[in-house]
Amino acid sequence: AQSVTQPDIHITVSEGASLELRCNYSYGATPYLFWYVQSPGQGLQLLLKYFSGDTLVQGIKGFEAEFKRSQSSFNLRKPSVHWSDAAEYFCAVGPHSNDYKLSFGAGTTVTVRA
Amino acid sequence: GAGVSQSPSNKVTEKGKDVELRCDPISGHTALYWYRQRLGQGLEFLIYFQGNSAPDKSGLPSDRFSAERTGESVSTLTIQRTQQEDSAVYLCASSLGATDTQYFGPGTRLTVL
């Protein structure tokens, strides 16, 4: 069964500092991997996705993520955080083959301090 | 519309009442999903529709939960005899096909008193 672990429940970062959110997955084959962001009271917005090919994926809002098969990880990074990046971030794996649902991590809440 | 829409945005109900939640997917998307997000948790898969195929109901937590979809359009999620543990945000997503990127609606926040 596929599963996702986001080890950090809450991260606080200063505006302008770099950000890295960790994601580890368990999956039987090459996964499809996603990062979504959820701002307060909003639905989930897709930041980026990895299906195959280049393991460094660029997304919207200046985010990038790197797929590392050897570490079963798909960490999200941003070089310089803006106050508007304060939100909850979810890593997800799937869908694939006959398993169409996304499996989500529990999320990481990012607080940005001035 | 441009994105997935859901209604109502908020629903407060009394324990034991039935509720219906609605989802309008992106036009042309054949796949539709319902997820539940409890406070402080990630999303749990509930049910999946793909075209005219039988839905995948494997995530429905009890027989009080059911969902319907008319063709490739609107879906309704019904919760009968609501319980306090049903309080959550219910999110709908749609995708072009079964393995394509899922786009989410804003959700319905359900509070059962």
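How each quantity is defined
Residues numbered from 1 in each chain as written. Chains lettered and ligands numbered in written order. Predicted model: local features only at pLDDT ≥ 70, side-chain atom pairs only at ≥ 80, totals over all residues. Heavy atoms only, no water. Salt bridge = Lys/Arg side-chain N within 4 Å of Asp/Glu carboxyl O. Helix = DSSP H or I, 4+ residues; strand = E, 2+ residues; numbered from the N terminus. Buried < 20%, exposed > 50% of the residue type's maximum accessible area, 1.4 Å probe, protein only. Pairing = 2+ DSSP bridges.

Time to look at the pattern of salt bridges. Residues and elements named next belong to chain A. Throughout the structure, instances matching the rule amount to seven salt bridges over all chains. The partner of Glu64 in a salt bridge is Arg77, with the nearest N and O atoms 3.3 Å apart. Placement of the pair is Glu64 in strand E8 (residues 64–68) and Arg77 in strand E9 (residues 73–78), with a sequence separation of 13 residues. For Arg77, a relative accessible area of 24% translates into the label partly exposed. A salt bridge links Lys78 to Asp85, with the shortest nitrogen-to-oxygen separation between them at 2.8 Å. Comparing Lys78 with Asp85 shows no difference in burial state: the two are buried.

Here the focus is the pairing of strand E8 (residues 88–95) of chain B. Residues and elements named next belong to chain B. Of all eight residues making up E8, eight are buried, and the element is well covered by its neighbours. Side chains Ala88, Tyr90, Cys92 and Ser94 project from E8 onto one buried face, and the interleaved Val89, Leu91, Ala93 and Ser95 project onto a second face that is buried too. Of the pairings in the sheet, the one linking strand E4 (residues 31–37) to E8 comprises seven bridges and is antiparallel in character. Opposite Tyr33, over in E8, you have Ala93 as the bridge partner. Judged from the three bridges that link them, E8 and strand E10 (residues 108–112) form a sheet pairing that is antiparallel. Note on E10: the bridge partner recorded for Ala88 is Leu110. Pairing of E8 with strand E9 (residues 103–104), which is carried by two bridges, proceeds in the antiparallel orientation. The residue bridging Ala93 from the neighbouring strand is Phe104, located in E9.

Purely spatial values, then, with no claim about function.
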